[in-house]
Amino acid sequence: MNLWSLLLGRRWFSHLLLLTIIFIGAMSVWQMPMAEKPAIDLGQVSITTSFPGASSLEVESNVTSKLEKELLSVAGIERFTSRSETGASSISIRIDPGVSDMNEVYQDIRDAVNRVTDLPIEVTERPLVRISKSSNLDFMVVGIGSELPYATLREQARILELKLRRVSGVGEVNLIDLRRREFWVELQPEQLRRYQLTINDVISEIEARNVLVTSGAIDGPEGQLELVTDAQLLETQQLMELVIRNQPEVRLKDVAAVVRMGFERGESLATINGMRSIGFDLRAAEKADVIATSKSVRALLDEEQSRLGDDYRLSVGFDIANEIQARFDMVKVNGVTGLALVMLVLALCLNRRVAPWVALSIPFCVLGTLAVLSSLGQVLDSYTMAALILVIGVVVDDAVVVSERISAEYQQGTSLGTAIIDGTKQVMPAIVVSILTTIIAFVPLLVLPGQMGKLLYVLPLTIAIALSFSLIDALLIVPAHMRKAMKKVQPSQSSYLEKLGQVLGPWIARAIKAPRKWMATALLIAITTIGVLSLRLPLLFFPTDGAYLVAITAPLPANLDLEQAWKHAQQVDAMLAETPEVVGWYGEVSEEEGSWEVSLSPAGKRKMTASELVQQWQQRSGDFGYELEFDVDSGGAPGSRPIDVRVVGGSDSDRQQLADELETWLKAYPGAVAPRQSQSEPVAQLTAKMDHQWMSRLQVDTSTLARTLRAAIEGERVSRLFVDDEEVRYRVVLENDDRNIEELNHLLVRNRSGELVSMHRVLSWQHGERAANIDHYNGLRSIRVSSHVDAKLTDPVRLEQDLSAAFANHGYSSDLVMAGQAEETRDALYGMAFAMTLTVAAILVVMLILFDRMGPALVALQVIPVAVAAALLVLWLHGKPLSFFACVGILGMVGVVINNALVLLHHYQSFAFSHEPEVRLQQLLEGALSRVRPMLVTTLTTVAGLLPLAYGLGGYDNLMSPIALVIGWGMLLSAPLVLLLVPAGYGLLLAREPQSTDSEVHGEVESLRQAS
């Protein structure tokens, strides 16, 4: 007796193993952190640089271009885009997915940024490099607002910031409109002229006077004493008394209208749920439990609200934990419902004493899988949970097959111990191969391109682990439990399954008698169905049904100051506040643009989809005075639109003309929705034109003039000190009422000889306009032309193909680069085709090893087009597009459906078929009918487990529901066809091969009849 046979006879061993795995799995679930997505490296990097007061052209020239020049030398970057706008530069980098070591590329990017050492002096902070990972993305935005003065609000915001940083699970706290403190020195131009001083003279004196230097240590009577030179200007009174010049004595108060403690200029304003606030963008720590962290943050906000009272309002504008919790609740309800349906199927189809032991396969496999995932450092995300639902019905299949085989052996009169061992041995090869083919069907998901391909690694991982536990359960635990269950078992009462077999019998017989006709007809119908439906189904890889996030962008009218921009932006806040489906939002408003991130209630709890809400908002915003641009988060790459074309390089005029033609073409194309360019309305500009001839004569430097002008209008931040644990700088600027052309013309500057020169002698003014923002693609200037798509009229791939054909010979010096969801869809299609080819090839190899012949393998493969046709038919009947996750479902369904063919073929392999056609037909029919019961039971359990997720009985998941829909209904429609096509195909093979003797056949047929 071998070890395996020994363990099958030890019922308590199986009990202890079952309880141990369930206990460990339950403890793992309790400890696993919860997150929205699996922990992956997204391969995305952002670089942001603040350049206060600079125009978009200056930011491009002095910041963005310098950084991009160094980035071009970094190997492993697939592409990068940038935007230069007033006061800020932002660069988005996408790493080549084929890079083996992402961390090395990240370090190269940091080194490239650090090599840029000649940034303008006004850029007081180094560029911020941020690496995006799914496990530590921004998960929550909160804010504190009040009608009290900003200084009072800021004081409480700083206290809140420190408390937020101490919350467990919070990795970073990024501030929105929390401005630094500054000493404002507002100079009077007439007083500067009176005392013959320049702005730079004042700046130099402040820099020279504000000193804190440690000079070392000296010996004293009580030991060593530290020698410190402390000449810091810590109070406004000290600043006012600062001596600027001695002969005659001129103090700062003589030339400054105002010396006060204030705050730096605001580049943007934050709005949380419609209230102007100081915002905090929270980023989760690595593999933090987002739901637990969110609860801690909300508890802190409640405490602070109680402490501060009604004068302040603490709000949550965005909380991904709400969506995560909603997804988990939905997955939990769908999972429990699926589990109940599977139990019901088992109770109806199996003996009542056997069904409970088979049903225990589900908690054993699910909790065992979670225990392994926890040990591997995985998080409990919605993808993993959905993968577990996908296998709820599958993991019981092997247990059903084993229990059915043991029951059949026992009811034929075999002793219980022998029935358990022999029955398990008989189905062991088929179980092992079926598990392998199912795993093989999902493994190619690992090679899918793009971000979604990275996220989907948990599906094959989770399914492979679950099926491994299913194998252990089928070969060890179920047989041991059958020893007790079979002692009082009664003959099967599932007469309706036998009646179904009787109904299918004549059809199977017809297929066996005319195999070529039936197989050719089935393949012709399948191929025709695939061809027709592939053209009729919209190819929308990332549909928006179920979406809960909407991004709104509003290019505001030109030439507004920050307060005016805020008044315009409040129209959007009011619109969102009046929309009941909106649960929260946060926004940021600059002088040129407003942007909002809107969170909707879960799809199952609102009557309108995200797309319908967007249409409603577009109609309502018609009289706002500016256009709103909407992006619905559909699950694709962040920030991408269905059609996203970059007009790159070439001359400015060619680039703009080509972009205009693209936009015009899209507006005329049926199905293209809201096409637009990335170019905002130009901003009015006043250019200082320098007379270089007079500057040379008067010995005036260009840099001196530029610095004086910047200091006069924007102010110059000089020196620094620490007050109350904060870094504080001095800002020297002209008085607010004196920031005009007349006063600028009469400002004084010093030439190289130290003499004073009035600025009107060396410059004049010219009115013009400039671009509000400047975009780059891989270092070249670009214009983005984008559009959404009406899925009822077209799809992104078809539209992009027509666009590419229309502009194939555009004749401009600029290039067109396609970079939207159409590109992602095309790449995903290629990836899916490769994955499908890899799946079929791998399954073919397994079947060749199992059968050692090509014929049976080809018979099994014929069910693939039938299964694909069934899947497309399911999508068409349900009105669903051919999405990315529907294709994933088709890929997985192929492996699951082919298992039925493999088990039936393996069953036939044990036969000794007759060379007499009539007897052979009877053998093929009896063999097929003997598989009707287990095949239908396993199919029904799989379908029962998936239907709640497919139809969203506990809430609709736009990512995983299409997978469940395709696999569930695809299996149900394909199962009868397998029973028809496989016997027919195998009959053709037998007709060409030598057959066994009639006496052998007679014995086999008799045993088949007894078994069935």
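Criteria and thresholds
Residues numbered from 1 in each chain as written. Predicted model: local features only at pLDDT ≥ 70, side-chain atom pairs only at ≥ 80, totals over all residues. Heavy atoms only, no water. Helix = DSSP H or I, 4+ residues; strand = E, 2+ residues; numbered from the N terminus. Buried < 20%, exposed > 50% of the residue type's maximum accessible area, 1.4 Å probe, protein only. Contact = heavy atoms within 4.5 Å. Pairing = 2+ DSSP bridges. Axes fitted to C-alpha atoms, helices over the stretch in contact; angles between N-to-C directions. Salt bridge = Lys/Arg side-chain N within 4 Å of Asp/Glu carboxyl O. Phe/Tyr/Trp six-rings, centres within 6.5 Å; stacked < 30°, edge-to-face > 60°. Expected span 1.5 Å × (residues − 1). Arc of directions from axis to C-beta. pLDDT = per-residue confidence, 0-100. Parallel < 35°, antiparallel > 145°, perpendicular 65-115°, else oblique. Left-handed = near helix turned anticlockwise from the far one by under 90°. Nonpolar A, V, L, I, M, F, W, Y, C, P; charged D, E, K, R; others polar. Core = buried A, V, L, I, M, F, W, Y, C linked by side-chain atoms within 4.5 Å. Domains from an automatic or database assignment. Bend = angle between axes of the 7 residues up to and from the residue.

Under an unreviewed UniProt entry, the name given to the protein is Efflux RND transporter permease subunit, and the source organism is Ferrimonas aestuarii.

**Some remarks on the overall build of the protein**
Counting its secondary structure elements, the protein contains 35 helices and 30 strands. Projected onto the principal axes, the alpha-carbon positions of the protein cover approximately 130 × 80 × 50 Å. The 1012 residues of the protein split such that 54% are buried. Contacts in the protein between residues far apart in sequence, at least 24 positions, make up 80% of those at least 6 positions apart.

**Description of the sheet that holds strand β7 (residues 181-187)**
One open sheet accounts for 4 strands, arranged β12-β7-β24-β23; its pairing is mixed. The open sheet has two edge strands with one neighbour each: β12 (256-263) and β23 (716-723). In this sheet, adjacent strand axes meet at a mean angle of 20 degrees when their direction is disregarded. Two elements, β7 and strand β24 (residues 726-734), share 6 bridges in a ladder whose sense is parallel. Counted as the bridge partner of V185 is V732 from β24. Sheet contacts for helix α7 (residues 199-209): β7, β23 and β24; angle to β24, the most-contacted strand, approximately 160 degrees. Where helix α25 (residues 702-713) meets the sheet, it contacts β23 and β24, and its direction lies at approximately 105 degrees from that of β24.

**Structural notes on the pattern of salt bridges**
As enumerated under the stated definition, the model contains 45 salt bridges in all. Residues R710 and E58 are paired through a salt bridge, measuring 2.5 Å at the closest nitrogen-oxygen approach. Of this pair, R710 sits in helix α25 while E58 is found in helix α3 (residues 56-71), placing the two residues 652 residues apart along the sequence. With a shortest N-O distance of 3.2 Å, D177 and R179 are connected by a salt bridge. Of the two residues, D177 and R179, both sit in the buried class.

**Concerning the packing of aromatic side chains**
Taken as a whole, this structure holds 10 aromatic pairs when the rule is applied. With a centroid separation of 5.4 Å and 20 degrees between ring planes, the pair formed by F183 and Y730 is classed as stacked. Placement of F183 in strand β7 and of Y730 in strand β24 is noted, with a sequence separation of 547 residues between them. This pair shows no difference in class: F183 is buried, exactly as Y730 is. Ring centres of W665 and Y669 lie 5.0 Å apart, and the angle between their planes is 35 degrees; this geometry places the pair in the tilted category.

**Some points on helix α23 (residues 652-668)**
Working note: α-helix, 3.6 residues per turn, so residues spaced by three or four point in the same direction. Look at α23: 25 Å from first C-alpha to last across 17 residues, which is about the 24 Å you get at 1.5 Å a residue. Along α23, the residues classified as buried are D654, R655, L658, A659, L662, E663 and L666. The buried residues of α23 occupy an angular sector of 165 degrees when projected down its axis, which confines them to one face. Residues of α23 that are exposed and point more than 90 degrees away from the buried face comprise T664, K667 and A668.

**Observations concerning the confidence of the model for the protein**
Here the protein averages 84 in pLDDT, and 94% of its residues register 70 or above. When mean pLDDT is compared element by element in the protein, strand β11 (residues 250-251) scores highest at 94, while helix α35 (residues 998-1011) scores lowest at 44. The low-confidence segment residues 995-1012, where pLDDT is below 50, has 35 contacts with residues more than four positions distant or belonging to other chains.

**Description of the packing of helix α16 (residues 416-442) against helix α28 (residues 821-851)**
Between two packed helices, the angle of one axis relative to the other and the distance separating the axes together describe the packing. With their axes 9 Å apart at the nearest point, α16 and α28 run at an angle of 165 degrees to one another. Our classification of the angle between α16 and α28 gives roughly antiparallel. Crossing hand, α16 versus α28: right-handed. In this structure, α16 uses V433, T437, I440 and A441 to contact α28, whose residues at the interface are T839, A842, I843, V846 and L850. Considered class by class, the residues forming the contact of α16 with α28 number 7 nonpolar, 2 polar and no charged.

**Quick word on the nonpolar core**
Counting residues in hydrophobic clusters, the biggest one holds 190 residues, and the most contacted among them are I144, F280, L459 and F884. Top contributing element to this core by residue count: helix α31 (residues 884-909), with 17 residues. Three or more residues apiece are contributed to this core by two domains, here domain 1 (1-31 + 350-493) and domain 4 (494-542 + 820-992). Apart from the residues within four sequence positions on either side, I144 is in contact with L153, Q156, A157, L160, S277, I278, F280, L308, Y312, R313 and L314. Counting 40 residues, the second-largest nonpolar core is a separate cluster that includes L197, I199, V250 and L709.

**A short note on the environment of A547**
Examined against the element boundaries, A547 turns out to sit in the loop between α20 (515-536) and β16 (549-555). In this structure A547 comes out as buried when scored by relative accessible area, which is 3%. C-alpha separation for the pair A547 and A514, spaced 33 residues apart in sequence, amounts to 50 Å. Not counting chain neighbours up to four residues away, the residues in contact with A547 comprise L600, R606, A610, V632, D633 and N958.

**Topic: helix α34 (residues 961-991)**
Its 31 residues place the ends of α34 44 Å apart at the C-alpha level, agreeing with the 45 Å of an ideal helix rising 1.5 Å per residue. Within α34, the axis deviates most sharply at L977, by approximately 35 degrees. Of all the 31 residues making up α34, 24 are buried; the element is thus mostly covered by neighbouring parts of the structure.

**Notes on the domain arrangement of the protein**
When its domains are assigned, the protein resolves into domain 1 (1-31 + 350-493), domain 2 (41-133), domain 3 (198-218 + 226-254 + 683-770) and domain 4 (494-542 + 820-992). The straight-line distance from the C-alpha centre of domain 2 to that of domain 4 is 50 Å.

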